[in-house]
2 protein chains.
Amino acid sequence: MPVPVVPHSEVDVLIIGAGPAGLMCANALANAKVNVRVIDKRAARVAAGQADGLSPRTIEVFQSYGIAERLLKESVQVHQAAFYNPSPSGGIELTSRTQDVVAPSARYPFECALHQGAIQAIFIDSMKPLGVEVEWSTLPTSIEICKDEHVLMDPASHPVRVVLQKLNAPEGQLQEEIVHAKYVVGADGAHSWVRKQFDITMDGEQSDFIWGVMDMVPDTDFPDVRNKCLMHSNNGSILLVPREQDRLRVYVQLENKDIIDPATGRVDKDRMGPDEMLEVARKSFSPYKISPTTGFLWWTLYIIGQRVASQFSVKNRVLIVGDACHTHSPKAGQGMNAGVSDAHNLAWKIALVVRGWADLSLLSTYESERRKFALDLIVFDKMYSTLFSGKPLSQENSHGVAPEHFLEIFKQFGGFTSGIGVHYDPSVATLDKNQELASGVVIGERFPPYKFIRAADAWPFEIQDLLPADFRFKLLVFTGDFSEPLQQARVESMVATMQKPESFLNRYATSSKGAENSRFDIITISKGRKEGFNFLQFPMLLRSHWSKVFIDDIDVTGSFGGKGYSYYGVGDEGAIVAVRPDGYVGAIAPLDHVEDLDAYFTSFMTAAV
Amino acid sequence: MPVPVVPHSEVDVLIIGAGPAGLMCANALANAKVNVRVIDKRAARVAAGQADGLSPRTIEVFQSYGIAERLLKESVQVHQAAFYNPSPSGGIELTSRTQDVVAPSARYPFECALHQGAIQAIFIDSMKPLGVEVEWSTLPTSIEICKDEHVLMDPASHPVRVVLQKLNAPEGQLQEEIVHAKYVVGADGAHSWVRKQFDITMDGEQSDFIWGVMDMVPDTDFPDVRNKCLMHSNNGSILLVPREQDRLRVYVQLENKDIIDPATGRVDKDRMGPDEMLEVARKSFSPYKISPTTGFLWWTLYIIGQRVASQFSVKNRVLIVGDACHTHSPKAGQGMNAGVSDAHNLAWKIALVVRGWADLSLLSTYESERRKFALDLIVFDKMYSTLFSGKPLSQENSHGVAPEHFLEIFKQFGGFTSGIGVHYDPSVATLDKNQELASGVVIGERFPPYKFIRAADAWPFEIQDLLPADFRFKLLVFTGDFSEPLQQARVESMVATMQKPESFLNRYATSSKGAENSRFDIITISKGRKEGFNFLQFPMLLRSHWSKVFIDDIDVTGSFGGKGYSYYGVGDEGAIVAVRPDGYVGAIAPLDHVEDLDAYFTSFMTAAV
């Protein structure tokens with residue numbers, strides 16, 4: 001009897017793990033028409049519980065992939081945070097309510113809460129028409145990277161060899177497959193198998209704070225059960241997050257004595273179930289009452305720890321994302337958001353490299369950008385979760401957490417926790433130059449939302465909707481006032497420069513004819529008044545279609561708009577802003593020195609073959 | 001061989017005609033779970049052309065049925081109108097641009113343009129999951145109403161007998177069916193067969209103005225091809241309406257001599273095709289050029305006439321809607337909107353009568369409300385289309401239309417053309433009383449949009465989204481400031497009155513237990529500040545669910561809201577506003593005389609059997 005031959009296959013990108021980070025990456029690459037597979041050892045997506053909060057920036061990211069609409073339909077929006085503290089008369093009392101999201105430029109000034117399974121379903125349903133489905137019950141059993149540096153540097157090579165085992169293969173059929181991938185993304189969670197195969201260490205430490213978490217539909221006389229509620233009581237802290245379908249997530253701080261086995265000194269999960277957690281919560285809740293109406297929908301226990309992987313990449317061929325490379329407390333609602341943002345940062349870089357539009361070295365910016373974020377995150381998380389788990393200030397505890405201090409920290413770090421303020425340092429992917437030409441548009445940060453009026457029809461558009469995650473660079477040409485002869489001359493000279501053969505626009509044209517250049521999308525934003533504006537005045541490069549020209553004017557109802565130049569800090573002389581495919585500002589150039597963009601794109605782009 | 005027996009069937013409502021008005025009615029009744037069938041003699045929905053403009057009020061109506069989202073995705077929005085007039089140097093020139101929609105309270109301050117077939121598809125796809133599909137190729141051949149007044153007054157009777165013929169029945173199968181309907185809706189267009197069967201006359205006249213219309217994707221140097229463009233030239237008038245997918249609709253005024261057969265004096269359609277129309281248009285367009293890039297997508301000719309049916313109803317058992325009961329020019333974009341609004345007005349009345357919640361006499365308000373609107377419409381249309389078809393003012397034509405006069409009329413009638421200002425006169429469906437308690441909420445007009453903050457979670461909601469077309473009356477309880485002891489006492493007394501057995505709330509309770517009252521939805525709108533508000537303070541009647549309480553406060557970002565009481569003209573003493581299922585204000589009552597609502601509902605409601 002012949003030995004069955006294990007099948008071999010090739011794929012551009014293999015994603016290991018179909019949690020939110022892995023699915024975000026898979027969906028993004030599917031959108032980019034990259035040949036991608038995504039496997040998961042589990043048999044299906046999670047049914048309940050797990051992560052549940054999406055930050056304002058993550059909602060913007062979802063919008064850029066066209067999946068925010070469903071998210072907004074299925075989730076609840078958290079607009080307000082309530083702070084409770086010990087009352088002089090015993091029990092707790094409302095100290096203050098404030099805006100949940102403290103990030104003035106957020107397009108969506110709220111968080112979305114929805115259980116992780118529903119979020120996974122959004123990605124899964126989005127990918128399906130693009131031909132990508134999760135291969136469940138599929139376990140990787142070995143992974144190796146080719147050691148030959150020539151092979152590793154060849155963009156056409158498939159240097160990563162992964163053996164897969166199908167856990168549910170029918171009897172008599174082969175259970176193994178050997179996949180040769182150009183890139184592997186490890187999105188396999190806090191206990192990442194991928195990370196361990198490459199002996200990547202997690203640096204950091206575990207705290208002493210133990211928390212329980214449970215989902216329920218509550219019956220309660222507590223008035224803030226539909227706000228995010230941050231509660232310091234003399235019996236421990238509680239965090240409430242409202243959820244879809246009248247549900248409530250309750251995080252409860254536990255006493256170590258309740259959960260540590262005195263004999264071993266280790267956490268003993270048998271000592272604490274949801275009923276015991278509820279008892280703890282009820283003590284903190286006093287004088288209010290709370291009960292689950294239909295039992296506990298999900299629950300778990302965890303010890304807060306803050307760790308970051310020592311590296312996020314192995315030779316730019318294996319890259320890890322999400323919980324696989326950073327763990328922290330769920331208190332600031334960062335877990336799923338950080339993972340999704342990792343994947344969003346990585347996907348366009350992989351897509352451009354796979355397409356042959358960018359050099360392999362662009363992938364190094366994934367680690368430099370996202371590992372720095374993760375390090376910042378755990379510094380913040382240590383401080384924040386210590387404050388949250390700390391005893392409240394009282395006569396007995398004069399070193400306790402003062403309500404006003406906690407509120408202050410909550411507001412101060414709103415830019416960070418909302419994801420809006422995330423800043424990437426200079427690299428080949430961000431050119432630190434000409435910042436003064438657009439002071440409100442920070443290089444290395446996401447392009448902020450604002451509404452402009454489309455010149456041809458006065459239809460107001462949110463500029464972020466002109467920056468979809470379609471894997472193209474957007475060139476926002478702020479022309480200034482084209483009716484000024486000097487400014488018109490400047491714009492026309494810029495167009496002439498950009499049309500020279502040596503300009504990036506022609507050097508990196510996707511098609512050799514240069515007619516259809518799918519790497520760049522030019523959007524014109526002019527000063528002017530809609531009542532007399534003629535968009536046909538612009539050179540053709542600035543109006544490839546009538547829909548490409550916008551004016552910074554107030555809308556027809558007189559309600560908004562008209563201050564975009566000033567909001568973005570762009571002066572009368574104009575500027576060009578290159579926005580990366582992930583919506584972050586890559587470079588800024590003056591109209592009369594558009595060569596700065598040549599330098600930017602040359603640092604990582606490759607000419608079409 | 002036995003003679004085959006023609007099958008008989010019963011249905012609550014038979015709709016004849018699956019154009020926009022008929023489909024609107026069918027979809028609404030399907031939503032209301034009314035047993036409804038809709039037939040059309042055509043084989044399928046229209047593929048191109050026909051009506052294409054939806055007014056701001058129609059978009060609100062779509063939103064109330066949950067179908068605006070798709071409309072907004074597929075259509076183009078028309079925000080701006082451009083006015084062109086003869087230039088002193090020959091040809092035309094831009095005179096002014098203005099907001100297309102002049103209706104300050106419009107929730108959607110624009111028109112949507114989309115071809116009729118796509119609009120029909122929205123209704124068809126919305127009804128399908130509710131089990132209602134259009135029966136195409138089905139022709140009514142006779143219709144009779146029972147003459148017995150006792151039968152006619154019996155809500156359980158099926159007094160309308162319609163014989164249907166199936167045009168595409170397979171060979172050998174029966175082609176006839178006899179339908180016994182409680183109600184028949186004639187939505188079968190300007191040449192309505194239903195109308196003719198009952199000898200209902202169309203009163204009015206035909207004008208001398210002949211227009212051509214064509215759809216194309218234009219190649220042009222005309223800068224206003226994406227705005228609605230109203231053009232008076234010395235060669236005739238032109239109306240441009242931008243459309244989906246770069247399309248353009250061009251209405252061209254024609255000279256009678258080009259199209260009237262001199263021998264007969266009648267319109268001869270063979271004399272004028274799209275090429276000839278384009279030639280006429282080009283003369284008016286000078287100095288601009290226009291050509292279709294891919295030919296003509298659709299075209300037709302029409303003579304403007306304004307007529308209204310002498311009656312809209314036969315014994316409240318056969319009712320006609322849309323073009324079947326009024327025809328006018330398409331210039332003001334009213335055709336499809338008027339038909340859709342007829343159906344929207346009629347559907348909830350039929351639904352309530354069929355459910356046994358309302359007396360048959362409620363149906364009389366369909367004719368009183370919508371026929372008056374149709375009469376107003378043709379008065380307006382005569383004036384407007386005469387101005388539009390008129391020669392421009394010039395030295396040769398001192399009685400011509402002055403640009404500023406036309407613009408003035410355009411703005412002055414914005415409330416009417418937008419559909420926002422439509423006003424229904426007092427009847428059993430609108431109680432003309434207590435208007436002074438809510439001066440910004442006009443009895444007989446649609447409830448205007450405004451944003452309120454949900455008390456439990458500070459989530460801002462558009463109040464129109466709390467008024468879906470779900471066939472329930474909404475009772476908006478403006479409580480005033482509940483923390484004022486006097487006002488609290490007033491609210492509690494009102495609640496006590498409403499909970500008395502003789503109150504409409506109990507008399508017209510759907511369930512005898514009164515616990516789940518599906519005829520009424522109570523929404524509480526309080527004064528107060530979100531920072532300290534406790535929605536649990538209200539009596540249970542005013543908070544059947546935590547999501548039912550709103551406050552008139554500014555949103556968490558400080559951007560909007562907080563002036564709702566003043567916008568609606570409601571004072572500190574509060575008020576109750578009863579909003580009809582179609583979103584129109586039915587009645588207003590003071591908190592301390594809620595019996596006014598008893599009078600209102602008693603005038604048409606029937607108690608549950």
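Residues numbered from 1 in each chain as written. Chains lettered and ligands numbered in written order. Predicted model: local features only at pLDDT ≥ 70, side-chain atom pairs only at ≥ 80, totals over all residues. Heavy atoms only, no water.

- If you look chain A up in an unreviewed UniProt entry, it shows as FAD binding domain-containing protein from Suillus plorans.
- The record in UniProt for chain A states the following under Sequence similarities (unreviewed entry): "Belongs to the PheA/TfdB FAD monooxygenase family." (UniProt positions renumbered as here; feature names shortened; annotations may be inferred.)

### Overview of the relation of the copies chain B and chain A
Phase 1: Once chain B is rotated about the relating axis by 180 degrees and shifted along it by 0.0 Å, it coincides with chain A to within an RMSD of 0.0 Å. Expressed as an axis order, the relation between the two copies is that of a two-fold axis. No C-alpha of chain B approaches the rotation axis more nearly than that of Glu 69 of chain B, which lies at 5.1 Å. (Least-squares fit on C-alpha atoms with pLDDT ≥ 70 in both.)

### Examining the nonpolar core
All names here are of chain A.
Phase 1: Core analysis: the largest hydrophobic core is formed by 124 residues, its most contacted members being Leu 475 and Phe 601.
Phase 2: With 11 residues, the single largest contributor to this core is helix H9 (residues 335–354).
Phase 3: When residues of this core are sorted by domain, at least three fall in each of domain 1 (8–75 + 111–202 + 306–380) and domain 3 (435–602). (Core = buried A, V, L, I, M, F, W, Y, C linked by side-chain atoms within 4.5 Å. Buried < 20%, exposed > 50% of the residue type's maximum accessible area, 1.4 Å probe, protein only. Helix = DSSP H or I, 4+ residues; strand = E, 2+ residues; numbered from the N terminus. Domains from an automatic or database assignment.)

### A closer look at the pairing of strand S14 (residues 228–233) of chain B
Residues and elements named next belong to chain B.
Phase 1: Counted residue by residue, S14 has 6 buried out of 6 residues, so it is predominantly covered.
Phase 2: Because side chains alternate across S14, one face comprises the buried residues Lys 228, Leu 230 and His 232, and the other comprises Cys 229, Met 231 and Ser 233, equally buried.
Phase 3: Of the strand pairs in this sheet, strand S5 (residues 80–86) and S14 are connected by 4 bridges, and their pairing is parallel. Note that in S14 the partner of Phe 83 across the bridge is Leu 230.
Phase 4: Sheet topology places S14 next to strand S15 (residues 236–242); 5 bridges connect them, and they run antiparallel. Of the residues in S15, the one forming a bridge with Leu 230 is Leu 239.
Phase 5: Where S14 hands over to S15, the hairpin turn is made up of 2 residues, counted between the paired strands. (Pairing = 2+ DSSP bridges.)

### Points about the interface of chain B and chain A
Phase 1: Across the boundary between the two partners, chain B contributes 33 residues, which contact 33 residues of chain A.
Phase 2: Regarding the contact of chain B and chain A, the summed buried area is about 2,900 Å², with carbon and sulfur atoms giving 52% of it.
Phase 3: Looking at the side of chain B facing chain A, the largest losses of area belong to Arg 97, Arg 226 and Trp 459 of chain B, adding up to 20% of the total buried there.
Phase 4: In this assembly, chain B and chain A are joined by 2 salt bridges.
Phase 5: Here Lys 73 of chain B makes a salt bridge to Glu 69 of chain A, at a shortest N to O gap of 2.8 Å.
Phase 6: Counting across the chain B and chain A interface gives 14 residue pairs in polar contact (both at pLDDT 80 or more).
Phase 7: Put simply, the parts of the chain that give the side of chain B that touches chain A at least two residues each are helix H3 (68–74), strand S4 (76–78) and strand S6 (92–99) of chain B.
Phase 8: In terms of residues, the side of chain B that touches chain A owes the most to one element, S6 of chain B, which gives 3 residues. (Contact = heavy atoms within 4.5 Å. Buried area = accessible area lost by both parts, 1.4 Å probe. Salt bridge = Lys/Arg side-chain N within 4 Å of Asp/Glu carboxyl O. Polar contact = N/O pair within 3.5 Å; in protein donor to acceptor, adjacent residues only side chain to side chain.)

### Quick word on the environment of Pro 129 of chain A
All names here are of chain A.
Phase 1: Of note, Pro 129 is situated in the loop between helix H4 (116–127) and strand S8 (134–135).
Phase 2: Overall, Pro 129 belongs to the exposed group, its relative accessible area being 69%.
Phase 3: When the C-alpha positions of Pro 129 and Asn 31 are compared, they lie 10.0 Å apart, and in sequence the two are 98 residues distant.

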